[in-house]
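Report on the structure
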Amino acid sequence: MRGAVYFYQLKGSPLEATLPMLVGKARAAGWRVLVRGSDETLLKRLDEVLWQGPEDAFLPHGRAGGPHDADQPVLMGDVPSDGFACVMSVAGADVSEQEVQALERVCILFDGLDDAALNHARGQWKALTDAGCQAQYWAQEDGRWTMKAEK
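Residues numbered from 1 in each chain as written. Predicted model: local features only at pLDDT ≥ 70, side-chain atom pairs only at ≥ 80, totals over all residues. Heavy atoms only, no water.

1. Focus: helix H2 (residues 40–51)
Note that an α-helix has 3.6 residues per turn; residues three or four places apart therefore point the same way. An ideal rise of 1.5 Å per residue puts 16 Å on 12 residues; H2 measures up with 16 Å between its terminal C-alpha atoms. Buried residues along H2 sit against helix H1 (15–28), strand S2 (33–36), strand S3 (62–63) and strand S4 (74–76). (Helix = DSSP H or I, 4+ residues; strand = E, 2+ residues; numbered from the N terminus. Expected span 1.5 Å × (residues − 1). Contact = heavy atoms within 4.5 Å.)

2. Side note on the sheet that holds strand S6 (residues 105–111)
In spatial order, the strands read S3-S4-S2-S5-S6-S1-S7-S8; together these 8 strands make up an open sheet with mixed pairing. Each edge of the open sheet carries a strand with a single partner, namely S3 and strand S8 (144–150). Sheet analysis places S2 next to S4, joined by 3 bridges and oriented parallel. Within S4, the residue paired with valine 33 across the bridge is valine 74. Relative to the sheet, helix H4 (residues 115–130) contacts strand S1 (4–10), S6, strand S7 (134–141) and S8, its axis offset from that of S6 by approximately 155 degrees. (Pairing = 2+ DSSP bridges. Axes fitted to C-alpha atoms, helices over the stretch in contact; angles between N-to-C directions.)

3. Here we look at the packing of aromatic side chains
Under the counting rule described, the total for this entry stands at 6 aromatic pairs. Aromatic side chains tyrosine 6 and tyrosine 8 sit 6.5 Å apart centroid to centroid with 45 degrees between the ring planes, which places their arrangement in the tilted category. You'll find tyrosine 6 and tyrosine 8 in the same group, each marked buried. Ring plane angle 85 degrees and centroid distance 6.0 Å describe the contact between tryptophan 125 and tyrosine 137, whose orientation is recorded as edge-to-face. Remark: tyrosine 137 occurs in strand S7 and tryptophan 125 occurs in helix H4; sequence separation between them is 12 residues. Given a relative accessible area of 18%, tryptophan 125 falls into the buried group. The exposure class of tyrosine 137 is buried, given its relative accessible area of 18%. Through successive ring pairs, a cluster of aromatic residues spans Phe7, Phe110, Trp125 and Tyr137. The ring of tyrosine 6 is capped by arginine 105, whose NZ or CZ atom sits 4.0 Å from the centre of that ring. (Phe/Tyr/Trp six-rings, centres within 6.5 Å; stacked < 30°, edge-to-face > 60°. Buried < 20%, exposed > 50% of the residue type's maximum accessible area, 1.4 Å probe, protein only. Lys NZ or Arg CZ within 6 Å of the ring centre and 35° of its normal.)

Here is the structure:
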């Protein structure tokens, strides 16, 4: 589904486990991925997680601001989505309706056990679906992802 936003409510697995799985799926689809976030501490931790992943599932990536940003298949930072097929928003990073419509996929990952993160994601869901964006809402149940809503 082109031009769709998928919300991922993290409950059973931390972001550090879920993000590499989703980035791997996006890369398998041939998409260039932007992991968008403004929390430098979190991005540094996610960068380390991706570097320490299993050798057979290594995800080449870089942090925004380097000389080779345009060549990175996965770029991490708070930068525009131009040139990417997929944006993965972490820690409440904003995504516009125009980006959702222009990209193959937008993924919004949030901590389902954090009230502030949950409320922010609800606001993003309302704003994006009210703007006409197609959306799916996924939550973890018993270690598995299940779709809870589609609009």
